[in-house]
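Letter by letter, the chains look like this.
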Amino acid sequence: MNATENTPPVQVPAQMQMIQLLSGFQIAQALYVVAKLDVATILEDGPRTVDQLAAETNANADALGRIIRFLAALDVFRTHGDKVENTVLSATLAEDDPNSVRYAAFYLVGMQYGPFSDLLHTALTGETAATRYYGQPFFDWISTDAEKVEIQNRTFANVTNSLRAGMFDGYQLPKGAVVADLGGADGSMLIQLLADDQDRRGIVFDRPEVVAAARKNLATHGLADRVQSIGGDFFQSVPPADVYVLSYVLHDWDDEFCRRILHNVAKTAAPGARVVLIEAVSPPDDIPHLAKVLDLQMLAMVGGRERTAEEYQSLLESSGFTLDRIVPSSTPFSFIEATLR
């Protein structure tokens, strides 16, 4: 028997575990740097030396090498002498990888890192950190710049196409001829929902400056003839439809604003119309779940919240809907189906 087999596992002292948690900002910034420099995309063609990577990215070789060494210890990149290659983790920062979340690095670290420095202010006052940091609500701040809108759209597409990959397997929308995706951004969600459902028509509905990206995306996927893209404000009105999809929308808003959206659906749709919320349903107690991570993001960035099943039921019923069922998926997200009374 090897002597090491009887060696008890090393117990990391609580204070060191806390130091590791407190150092999380360093990891986020290092990942942002290599995503911005597009290192993982370069490595898709094969290993490079640090000097080669520095030359291709106009970076300082010593600084870049130390950042890569730091990340390699976390299994983001692998080094062999002076050569660097991708791992499964680092490949998700490559531009064309099917599981790419590169734009999420731009969105989360590039746009949300700064506001989180005001989280203490949120804890003391309840005011959204991003509103204080940017001087206006986060989505309004994004809408002022086409590049920011593009980053947000591509982030949502990244997340839809990779993080939530497989969530639609075996799921079918409730019956209805016209499906409206409210807050549908570039149409990525509706494209997945209607791609194999040739008998339905669709509507992608979002702010005019956001939904503009949907037209090209729908044409690329051959859906331009049966899916419209309409600009508007769901706090004012929504287009008529038989089924309304709100994917990762209600978690952006507090209960009052959510009811405003749902009431607009109720005013436009006929009784019996269906609503499908696609959200991360927060489990009870201290069970780890992505919803609890997202809830902190909602608190700091937009003033929204993640909700439990009971909270979604209460929200829907107070807005004129009856909760029909909650359908879990293979991902942390669920389909919450309701009917307009």
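Before reading further, recall that the structure is shown in the block above.
Residues numbered from 1 in each chain as written. Predicted model: local features only at pLDDT ≥ 70, side-chain atom pairs only at ≥ 80, totals over all residues. Heavy atoms only, no water.

Considerations on the overall build of the chain
- The helix and strand inventory of the chain stands at 16 helices and 10 strands.
- Radius of gyration (C-alpha) of the chain: 22 Å, near the 20 Å computed for a compact globule of 341 residues.
- Expressed along its principal axes, the backbone C-alpha trace of the chain runs to roughly 70 × 50 × 45 Å.
- Every one of the 341 residues in the chain was classed for burial, and the buried ones make up 47%.
- Once local pairs closer than 6 in sequence are excluded, the contacts in the chain between residues at least 24 apart make up 67%.
- Counting only carbon and sulfur atoms, one obtains 53% of the accessible surface of the chain, whose full area is about 17300 Å².
- Each charge class in the chain was averaged separately, 27 positive and 44 negative side chains, and the resulting centres sit 3 Å apart. (Helix = DSSP H or I, 4+ residues; strand = E, 2+ residues; numbered from the N terminus. Rg over C-alpha atoms; globule rule 2.2 N^0.38 Å. Buried < 20%, exposed > 50% of the residue type's maximum accessible area, 1.4 Å probe, protein only. Contact = heavy atoms within 4.5 Å. Areas by Shrake-Rupley, 256 points an atom, 1.4 Å probe, with all protein chains shown as cover. Lys, Arg positive; Asp, Glu negative; His and termini not counted. Charge placed at Lys NZ, Arg CZ, Asp CG, Glu CD.)

Let's talk about the environment of Asp-255
- Examined against the element boundaries, Asp-255 turns out to sit in helix 14 (residues 255-268).
- In the structure, Asp-255 is positioned 127 residues away from Thr-128 in sequence and 15 Å away in space, judged by C-alpha atoms.
- Polar side-chain contacts of Asp-255 include one of 2.8 Å to the side chain of Arg-307. (Polar contact = N/O pair within 3.5 Å; in protein donor to acceptor, adjacent residues only side chain to side chain.)

Thoughts on unusual backbone geometry
- With phi around 60°, Asp-38 is a residue other than glycine that occupies positive phi space.
- With respect to the secondary-structure elements, Asp-38 resides in the loop between helix 2 (24-36) and helix 3 (39-43).
- You will see that Asn-58, though not glycine, has its phi angle at about 60°, which is positive.
- Residue position: Asn-58 is located in the loop between helix 4 (50-57) and helix 5 (61-72).

Focus: the packing of aromatic side chains
- Taken as a whole, this structure holds 17 aromatic pairs when the rule is applied.
- These aromatic residues form a ring-pair network of at least three members: Tyr-107, Tyr-133, Tyr-134, Phe-138, Phe-139, Trp-141, Phe-156, Phe-234, Phe-235, Trp-253 and Phe-257.
- If you follow Lys-36 out to its NZ or CZ, it ends over the ring of Phe-106, 4.9 Å from the centre. (Phe/Tyr/Trp six-rings, centres within 6.5 Å; stacked < 30°, edge-to-face > 60°. Lys NZ or Arg CZ within 6 Å of the ring centre and 35° of its normal.)

Quick look at helix 13 (residues 208-220)
- Turning to helix 13, its buried residues number three or more, namely Val-210, Val-211, Ala-214, Asn-217 and Leu-218. Down the axis, helix 13 shows its buried residues gathered within 100° of arc, on one side only. Exposed residues pointing more than 90 degrees away from the buried face of helix 13 are listed as Pro-208, Lys-216 and Thr-220.
- Directly beyond the C-terminal end of helix 13, a positive phi value near 70° is found at Gly-222. (Arc of directions from axis to C-beta.)

Notes on helix 2
- Between the first and last C-alpha of helix 2 there are 19 Å, a value that for 13 residues agrees with the 18 Å anticipated at 1.5 Å per step.
- Of all the residues in helix 2, the buried ones are Ala-30, Val-34 and Ala-35. Taken around the axis of helix 2, the buried residues stretch over an arc of 135°, which confines them to a single face.
- Where helix 2 ends, the next residue or the one after it, Asp-38, has phi of about 60°, a positive value. (Expected span 1.5 Å × (residues − 1).)

A short note on the sheet that holds strand 3 (residues 83-85)
- Read across the open sheet, the 3 strands follow the order 1-3-2; overall the sheet is antiparallel. Looking at which strands have only one partner, the edges of the open sheet turn out to be strand 1 (48-49) and strand 2 (78-80).
- Taken together, the 3 bridges between strand 2 and strand 3 define a ladder with antiparallel strand orientation. Along strand 3, the bridge assignment pairs Thr-79 with Val-84. (Pairing = 2+ DSSP bridges.)

Notes on the packing of helix 2 against helix 5
- Interaxial distance between helix 2 and helix 5 falls to 10 Å at its minimum, and their mutual angle equals 120°. In terms of orientation, helix 2 and helix 5 fall into the oblique class. With respect to the hand of their crossing, helix 2 and helix 5 are arranged in left-handed fashion. Contacts between helix 2 and helix 5 pair Gln-26, Ile-27, Ala-30, Leu-31, Val-33 and Val-34 from the former with Ile-67, Phe-70 and Leu-71 from the latter.
- Residues that form the contact of helix 2 with helix 5 fall into these classes: 8 nonpolar, 1 polar and no charged. (Axes fitted to C-alpha atoms, helices over the stretch in contact; angles between N-to-C directions. Parallel < 35°, antiparallel > 145°, perpendicular 65-115°, else oblique. Left-handed = near helix turned anticlockwise from the far one by under 90°. Nonpolar A, V, L, I, M, F, W, Y, C, P; charged D, E, K, R; others polar.)

Side note on the packing of helix 4 against helix 5
- Packing of helix 4 against helix 5 brings their axes to within 9 Å, and their N-to-C directions diverge by 115°. Crossing hand, helix 4 versus helix 5: right-handed. The residues of helix 5 that touch helix 4, namely those facing Val-50, Asp-51, Leu-53, Ala-54 and Thr-57, are Ala-61, Leu-64, Gly-65 and Ile-68.
- Of the residues assigned to the contact of helix 4 with helix 5, the class counts are 6 nonpolar, 2 polar and 1 charged.

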